[in-house]
Every structure is written in C-alpha cells, then in structure tokens.
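The residues making up each chain are set out below.
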Amino acid sequence: MRDTIKPSEILEILREKLEGFDASGEETEIGRVVKAGDGIAQVWGLDNILSGELVEVDTEEGTIVHGMVMNLEEETVGIILFSDYAMVREGCTVRRTKKVAEVPVGEELAGRVVDPLGNPLDGKGPINSVLRNRVEIKGPGIIDRQNVTEPLQTGIKAIDAMIPIGRGQRELIIGDRKTGKTTIAIDTILNQKNNTPDNRVYCFYVAIGQKRSSVVQLVETLRKHGVMEFTTIIAATASDPASLQYLAPYSATAMAEYYRDTGRHALVVFDDLTKHSQAYRELSLLMRRSPGREAYPGDIFYLHSRLLERASKMSDEKGSGSLTALPIVETQEGDVSAYIPTNIISITDGQIFLEANLFNSGLRPAINVGISVSRVGGDAQVKAMKQTASSLRIDLAQFRELAAFMQFSSDLDISTKNQLSRGERLTEILKQPQYSPIEVYKQILILKAGITGRLDKYPTEKLKVYQNELFTYLDEKGADFLDRLRALKSFDAELEKEFNSMLDSFENTFRPESIETGIDAGYTVNLAMALSQRRSSINRDMLKLVERITARELASPSLETEIEQIISGKDVVEKDRFEDLIENATILDYDKTGQMKPLFKAASKIMSKESGELTSSEINLKLLEREKSSSTALSPFFAIPHIVVEGKNKFQILIVRSKKGIEFSENSKKVHAMFFLLGSLDQRHFHLVVLSSLAQIVQNPAFEKGWISSSGTDSLRKLILSIRKGNNE
C-alpha cells in the first residue's frame, strides 16, 4: 500500500487545495492567551497583527477586556490590558480589531474629564465626537515647522521675564516633590483666560499616577477660576492599570494635535513623566524586556522623545497652529543627574528648576534662575518685556553671589549696600502666590519700577502692597496707558515719559507708613523656641531666620553678636529693660469668652491707649491678619500675638490670662497665657530680648501651674519676675 503512494500526487492535491483558498475573507484572526497576569497577556496565533493594534479578549465571565499590542515576538504577541485584567486567564480567546489605538478629538472634549481611551469620567454623558486621531503618530518634519516666536504667557513674573516660553516650545518643569511644579502649570492654564477667543490656547492636563482626590480638587480649581470651558483633563490615576498611565500622555497629545492642525493653539501639561516612566518600566519588566540603567528599559529615551517631538509651531502653509508641551519631572534631593531627568532635559528646549531650599525660605515660585533656562529666549517675549527685563537675570545672579559673600564681611561700601538693597527688592517683587497669574503688561510695569530704582526708597516688606495698589491704580486711572502699551507692545520716548509721570502720581497717593510690616508669625514661633535654648554658637540658618523676622538686609554683621549675647545671658545693654517692661505692663484677667476675636478686640483697645497713635480698629485688624499668616499660639498653653509698626523707640506688652482658655486654632484649643507685643522696627534688638525672655519663662516648670493658680494680676506679675530672676541666677 505504502509503495503505491507517490509524493508527486500528494503535492498535486495540496496545490489544488491551496489554489482555492481565499485570503481576503471577512473571518477575524483569533488567538489564544497562553499566559496572563499583572495586566499583561502573552497570546499565540495572531500572526498578522500590528504593533499598537487594539484587541478584544473574551473572558469566562462574558466581559470583553480591551488591550493593545506592545510586543511582537517570534511565537507570541505581548499585550497590555486596560481594565478588568484580573478576568483574563489562560485559554481566553483574543480577537483582532484591525484598528490601531485612537481617541476621540474635537471641541466636544473641551471642559471634560476623560480617561486615556477618551471615555468620560465626569458623569456628563457620552462624548459625541465623530473625529478620531491615532494615539501614536510621527511628529511634524522640519519643513512643516517654523521658528517659535509667539509668546505663551504664564502670568508668572519670574518666568515671563527671565525664562520665556513660546507657543510650540517644550519647556521642562523639574524639581523635588512639593516645590510648586504643578502650581506653575496650573497658573499657566489660568492665565490663558486673558486671551481673546480668536487667540485662545486650548489646554490639556494629563494626571499620571495621582490620587483621584487630587484630580477632583484640580477640576474644582479650574472651574472656580472659569478656565474649565477650554480645558480637558486626561486622568490615569494611581488606581488605574500601568497600561493606562503609559497611554495617557500620547492620548492627550493626539487630542491637542487636533487644535494645532486646524490652525489654533494648544497647551499640554504632562504631570508627571517620572510616574509615566515608572509605569512603562513596570510593563517592560513584565514583558521580559532587558532592564538597563536604574532598571529602565533601553528604549525609555525613545518613549519620551517621540512624545515631545510632537510639540511644534507649524508653518504658515500648515495653518500656523502650535502645540506647547510642559512636561513635569520629579527629582530626588535635587538630583538632576538621574536617568529620567537627564533624558528629558536633553529632549526639551529648556527647563524651569524649582529648588526646595528656596521654597522653604519663602521664595515662591522657588525658581533657581541660575540653572533654569529657555533655549528660545527673547524670541518668545513681547518687546516691552525684553526692553525692561533684559538685565534682570544677571542682576539677580550678581546679588545672590554678593549676598553670600558679604555674610563673611563686616564693612560694606555704599555701592555694595545699594546693590544688595536693589537685589533684595527685585527678589521680593518676583514673589507671587499660587493661582494668581498677572497680565504681562502689568508685570512689565512693576518690574520696570524695581529695575529703574523706584522701589529703593521703600522698605522691602512694603512692596507687596505697593504692587497691589499700583495694579488697582492702573485699572482705575491708567487704563488708557495700558491700552496704548498693549497696542504698541514696546516703550517709545513718549510712553516712557508717561510711565514716569503716572508712577509719580501714584506714589503721591501711596502711604507706606500706614502699612503693617509683613513678618510671618510662624518665624517668630521658631525664633522664640530657638532663643530659649542657651547655646553659645549660632549656625548660619538661624542667622537668616532672625534677619527675616527683623525685616533687615541679608548682610547684618552685628546681628549674630547680638543674638549670642542674648542667648548666653551676657547682654548688658538691655539688662533691666525687660523687668521694667513687665513692671509697667498691663495685665488682664479675661474670662468673658473662649473666642479669639473678642479677646483681640479688647486687647486692641488697651494697646491703642498705650500707643497713642494707632486706633484700636487698626491694631485689631493687624492682629487678625497676623493670625491668618500663621497661628501665634506656640503651644496649647501660651501664645505671643505680635505686630510690628512704624515709628521709633516704641515697644509695649499686654499680658492676658484666661483660666477658661482661648481657642486660637484647632491645634491649640486651650491657650491660657497670652503676651501681646507691639514694637517698631528700630527696636529689633529689644524684640529679640523679649522673645528670648518670654520663651525661657513659659518653659519653666513653675510657670504653667503658677499661672492658673495665682489669685490676681499682681501675683501674675510677681510670678513672671521671679521666674525671670531664677533663670538669670
């Protein structure tokens, strides 16, 4: 039988069968899961599938789980799963969709919160968009682009003046955790509200690996400021699979490219690419890709380069649209030499570096202008800003170098003092609270006032109020000047003259002597505690702290000696003055209420009589404003409310006892001893003496018990003086 079968006949039969095979049929190619777990699946049988193609997995529960092809291997295909991946098990059927990953695009997405697949998350119904863009496409070529010349105003003085961002640029925001990176991005989005509708910048914020509560809070912030109508949030939170976190920035870019390609402007914020890298690393290691430096796969650079290359300013032939990218990267202890930071620094057109030390010292936004850079430079600035702030970066760098050097010198010549004074004021006017972007032409005017030396005659602590009142004055009386500056976009001789005239008129109405000195009460808490410790040496951080409290210049050679004398008890200049202050102080037993505001009102009336210049309402307002900055309750038992005022040789104390206890804050509900201080700036030395003495008294074990049990105000006075005497002995 075997001898009768000829190979040629078998070959002929197979050839006839194959000739009748129709490869163009509608049958869908189907594979089987051979391995699954941790959000990935290995599938056998999908021989013709494309990289990046979407697939559908039929589970035993009847649910269809969606995934995307990530690995093409010799025998199997590696697939990342988007949701319900726990249902995918070995043997499940996998179908090709013959569609590469894509998302809905268009105006319908404005104001919505969506996931990386374009599904709504905000409960406002489906997104009825007929247009869809592929998630992964190649960035525009050189021919299709043009130079970045149009500014993207952030509303932040330090950035718009020294690190300008242009439409179509890729500017990295980098720094440690909790240094204000996201705040800069949000302020930039808020500032786009000032654009006219025909010059609108459509914003896309990508939340990668964040808490859901943070995303909800962000949406409420944007809605409260009225910018949600042209903003889209793409959320892949920490509870979402790594596959969605990986896909999120590409999806957002595809959505933003719709506006770029239709001749409009878009901004996309990636917050942050560190978590995006970690999600990709997780997927890659599960896919058995070889780990490299810091366990990241070798293609991590390509991951971000192909993403950020899609940001561009299109040529006139392509509609002149733009897509600006603001990637955010988190560093560890300021280490910009780590793998991901160095990768993205080399991809982007500049970086804004936020420093933790600057943030903690009160300089916010905490931008280190020495490391920060914009490689677009002045091309992305309005001419008026370039005229005004061209030397600002150099001036600040020289000031900081000089201030650091002068800490070791005792003799300062006039020119050095003037340079320190100017630099201190420029640093002050660059401070800006979060969620308060400023229109660029108002920025120009306050910066011009500082750079030209107009602010040198005012104390540093008055400049914040100077700025606020100047902006109010411009809105009320300088609107015509601002309109002409916006139209001309630069200063000519006539506008320069009008600017000086207008500021002269404003300064005639500005009364700095009626403004409270801006000293944060939180610093006094730290100072009082530190001064109570009798140590002979003072470190440099302590010196800076005291300088901030006393609102003095950075270089104050005599201050360190003063503090050492106070702490060591060798201060002979003010030896008896504290005792005299207590002997003549008003002491009040107050048990009418446990609320802070009525107490402050009563204390203000007494302090007003002693002051003779300030009204009780002025003092009360200053005390309440001080509490808003930070509570003056140093412990659950005692507090030191204080204000600093204008004038010379002025210092008084009001001592209050409340057996019931006064509620200053939720953390300090039973404050029984309060020392109200009112002093002028020239009393810097004595202010430190009083703080040191009080801190030592209240920490004495006899104070708390004796304070409550004493029968009257005379006993309270004797208690303070006896503890003071015992400490000195």
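Refer to the structure presented above.
Residues numbered from 1 in each chain as written. Predicted model: local features only at pLDDT ≥ 70, side-chain atom pairs only at ≥ 80, totals over all residues. Heavy atoms only, no water.

Here's the deal with the pairing of strand β11 (residues 201-208)
What counts is decided by this rule: Here's how the labels work: a residue is buried when its accessible area is under 20% of the maximum for its type, exposed when over 50%, partly exposed in between, all with a 1.4 Å probe on protein chains only. Note on conventions: DSSP H or I runs of at least 4 residues are helices, E runs of at least 2 residues are strands, and numbering of each starts at the N terminus. Only strands joined by at least two bridges in the DSSP assignment are considered to pair.
β11 sits mainly inside the fold: eight of its eight residues count as buried. Here β11 shows a buried face lined by Val201, Cys203, Tyr205 and Ala207 and a second buried face lined by Tyr202, Phe204, Val206 and Ile208. Inspection of the sheet shows β11 paired to strand β13 (residues 265-271) by seven bridges, in the parallel sense. Paired with Ala207 across the strands is Asp271, a residue of β13. Pairing between β11 and strand β12 (residues 231-236): six bridges, direction parallel. From the neighbouring strand, Cys203 faces β12, where its bridge partner is Thr231.

A short note on empty space enclosed by the protein
Which parts of space are left empty comes out when a probe the size of a water molecule is rolled across the atoms. The condition is simple: A pocket, in this scheme, is an open set of points on a 1 Å grid over the protein atoms alone with protein on both sides within 12 Å along at least 5 of 7 lines, while a cavity is a set where a 1.4 Å probe fits but cannot get out; residues line either one if an atom lies within 4 Å of a point. Grid points are joined across faces, edges and corners, and a volume is the space filled by probe spheres set on the points. Classes in brief: Ala, Val, Leu, Ile, Met, Phe, Trp, Tyr, Cys and Pro nonpolar; Asp, Glu, Lys and Arg charged; the others, Gly included, polar.
Under the criterion given, the structure shown has three cavities of 30 Å³ or more. Empty space within the second largest cavity amounts to approximately 70 Å³. Ala158, Met162, Leu363, Pro365, Ile367, Val369, Leu396, Arg400, Thr427 and Leu430 together form the lining of the second largest cavity. Mapped onto the lining of the second largest cavity, the elements with two or more residues apiece are α2 (157-162), α11 (392-406) and α12 (414-430). Class assignment for the residues of the lining of the second largest cavity results in eight nonpolar, one polar and one charged.

Re the packing of aromatic side chains
What describes a pair of aromatic rings is the distance from one ring centre to the other and the angle between the planes of the rings. Going by this rule: Here a pair means two rings of Phe, Tyr or Trp (six-membered ring of Trp) with centres within 6.5 Å. Their orientation is stacked below 30 degrees between planes, edge-to-face above 60, and tilted elsewhere. Charge over a ring is defined by NZ of Lys or CZ of Arg lying within 6 Å of the ring centre and within 35 degrees of the ring normal.
Applying the stated criterion across every chain, the model contains 18 aromatic pairs. Both rings, one in Tyr458 and one in Phe510, keep their centres 5.3 Å apart while their planes meet at 85°; by these two values the pair is edge-to-face. Here Phe510 lies in the loop between α16 (493-509) and α17 (521-531) and Tyr458 lies in the loop between α13 (440-451) and α14 (463-477), a separation of 52 residues in the sequence. The class of Tyr458 is buried, set by a relative accessible area of 7%. Accessibility expressed as a relative area gives 2% for Phe510, which makes it buried. Here Tyr466 and Phe510 contribute two aromatic rings whose centre-to-centre distance is 5.2 Å and whose plane-to-plane angle is 85°, an arrangement assigned as edge-to-face. You can see Tyr466 sitting in helix α14 and its partner Phe510 sitting in the loop between α16 and α17, a full 44 residues away along the chain. Neither Tyr466 nor Phe510 differs from the other in exposure class; each is buried. Aromatic rings pair up to connect Tyr458, Tyr466, Tyr473, Phe506 and Phe510 into one cluster. Above the ring of Phe359, the side-chain terminus of Arg364 is found at 4.0 Å from the ring centroid.

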